Amino acid sequence: MKIDRGLLGTLAVAALTAACASAGGTGGGGGGGGPRINVAVPTVACTTGPLTSTPAADSAAGAMALIQAASDSSDAMRYSLARQQAGRAIAASPGNAYAYYLAGLAAASVRDYADADSLLRRSVELCPGLGEYDVDRVRRISASGAVERGSSLVQSADTAGGVAAYQTALSLDPTSYPAEFYLGLVSFQRQNTDEAVRRWRRVVEIIDALPADTSAEVMANRTETRSNTLNALVLASAQYLNRQQSPQAAELLADLTQRLPNNPEAWYNYALALNNLQRWQQLVPAAQRATEVAPLSYGAWILYYNAYAGQSQAATQAGNTAQAGELGRQARQISQRGEQLPVQLEGITIDVEADNTQVRGTAVGTGPTAPVQVEFTLHGASGELGTGRVTITPPAKDQNSRFELTIPSSAPVLGVTYRVVGG
């Protein structure tokens, strides 16, 4: 999944260099010989507390601006010293928002995102105007850096550290949908499906609520993340079903099938959940749709049959003989259609590779051996993405064979349906 990859550079750049005066000569301020940069205090009106210059704050601000002026923004040691200077400014004037603001910038510059979160939050508490002035921007950039830190920690087998970093990202920026996604992924891997679903639903909510961005790359990343998240929620529904939590699966899939009308796995899982719950009337349209998007899925036809057979049995138990007979007749017709499939297709997967999408699956023999031509259609957020055909020669009855085809498309896929050509 692509996420916002804005690397954390010098967070003091916009705030400090715009306010920097020209470099002075040597001297002054306890810094010994060497260049000095004087930095103006942000021009923000604060009604709740002071936003003022102090010797220690000036020293910290000048140090960070000097690092930038020297193109030495990667010098963590110097930023650490600036952070210490800002800490002294806080100690000398605990109510001064400027000191917390500078300390937060320095902490973010050395990727101490938890410290930056606390300090920047305090700066805005003391002077709310700092939020719009610069802190909101810094928090968003820091959140992106915290997500990258979290992913690095998870990849190095430090899941606890990764989770902490993702949580820090959300504290810095509650709209950090990459952090929500990865926290959901960790929960899914830990079999905490409820938490994974909550996180992933939140990802979709955040993306849907964001205003459009002028960057095509940003919009493409959002679309891909949203698509990946919806597909992840389908996997979560399967996790529910594997643990026999059909009510939770049905509730989730009732929404997902509306968002993913061309996703066979979502429809099959929904039908299976309703079948397990014996909600026969609700099962009829769900199972019917499952057979429409995947007409060679024997499992889908079985569920479609069960929808009518279950209602027929219920009508019999209620003494409604005529209704039971009609429902039984419909069940038998559906069963016959399922038994007459020229081949069964199972385990269909997709894999987007560069400019192409690979569709793969397993063909199961049903008896007939005549070749069957199948047309697959990829579906994305804005409609059909492309089609491709493959000729499948059915193996012997109950035997398996693999098939695959390539469809030109690199867009995120939300579903793959197919039809039998000429069928």
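Just above sits the structure.
Residues numbered from 1 in each chain as written. Predicted model: local features only at pLDDT ≥ 70, side-chain atom pairs only at ≥ 80, totals over all residues. Heavy atoms only, no water.

Participant: Let's hear about the overall build of the protein: which residues, and what values?
Facilitator: Summing up its helical and strand segments, the protein has 15 helices and six strands in all. In the protein, which comprises 423 residues, the share counted as buried stands at 46%. Excluding contacts between residues fewer than 6 apart, the proportion of contacts in the protein whose partners are at least 24 apart in sequence is 61%. Of the roughly 19700 Å² that the protein leaves accessible, carbon and sulfur atoms contribute 49%. (Helix = DSSP H or I, 4+ residues; strand = E, 2+ residues; numbered from the N terminus. Buried < 20%, exposed > 50% of the residue type's maximum accessible area, 1.4 Å probe, protein only. Contact = heavy atoms within 4.5 Å. Areas by Shrake-Rupley, 256 points an atom, 1.4 Å probe, with all protein chains shown as cover.)

Participant: Outline the pattern of salt bridges, supporting the account with residue identities and numerical values.
Facilitator: Scanning the entire structure with this criterion turns up 19 salt bridges. Ionic pairing is found between Asp208 and Arg226, a salt bridge with its closest N-O pair at 2.8 Å. With Asp208 in helix H9 (residues 193-209) and Arg226 in helix H10 (residues 216-242), this residue pair connects regions lying 18 residues apart in the sequence. On the basis of relative accessibility, which here comes to 44%, the residue Asp208 falls in the partly exposed class. (Salt bridge = Lys/Arg side-chain N within 4 Å of Asp/Glu carboxyl O.)

Participant: Residues and numbers for the sheet that holds strand E4 (residues 383-392), please.
Facilitator: What the three strands build is an open sheet, ordered E4-E3-E6; its pairing is antiparallel. Strand pairing shows two members of the sheet lacking a second neighbour, E4 and strand E6 (415-420), which therefore form its edges. For this sheet, the mean inter-axis angle between neighbouring strands, taken without regard to orientation, is 25°. The pairing of strand E3 (residues 372-380) with E4 spans nine bridges and is antiparallel. Within the sheet, the bridge partner assigned to Thr377 lies in E4 and is Thr387. (Pairing = 2+ DSSP bridges. Axes fitted to C-alpha atoms, helices over the stretch in contact; angles between N-to-C directions.)

Participant: So what's going on with the sheet that holds strand E5 (residues 400-408)? Residues and values would help.
Facilitator: Across a sheet, strands are paired by hydrogen bonds formed along the backbone, either parallel or antiparallel in direction. With respect to topology, three strands assemble into an open sheet ordered E1-E2-E5, the strand pairing being antiparallel. Since the sheet does not close on itself, it has two edges, and those belong to strand E1 (343-353) and E5, each with one partner. Mean inter-strand twist for the sheet, computed between neighbouring axes without regard to direction, equals 20°.

Participant: Account for the nonpolar core, with residues named and values stated.
Facilitator: Counting residues in each nonpolar core, the largest one holds 80 residues, and the members touching the most others are Trp200, Leu256, Leu345, Val374 and Phe376. For Val374, the contacting residues outside a window of four places in its chain are Leu296, Leu345, Gly388, Arg389, Val390, Ile392, Tyr418, Arg419 and Val421. Ranked by size, the runner-up nonpolar core spans 32 residues in total, among them Ala65, Ala89, Tyr101 and Val135. (Core = buried A, V, L, I, M, F, W, Y, C linked by side-chain atoms within 4.5 Å.)

Without other data, these values stay purely geometric and don't point to any function.
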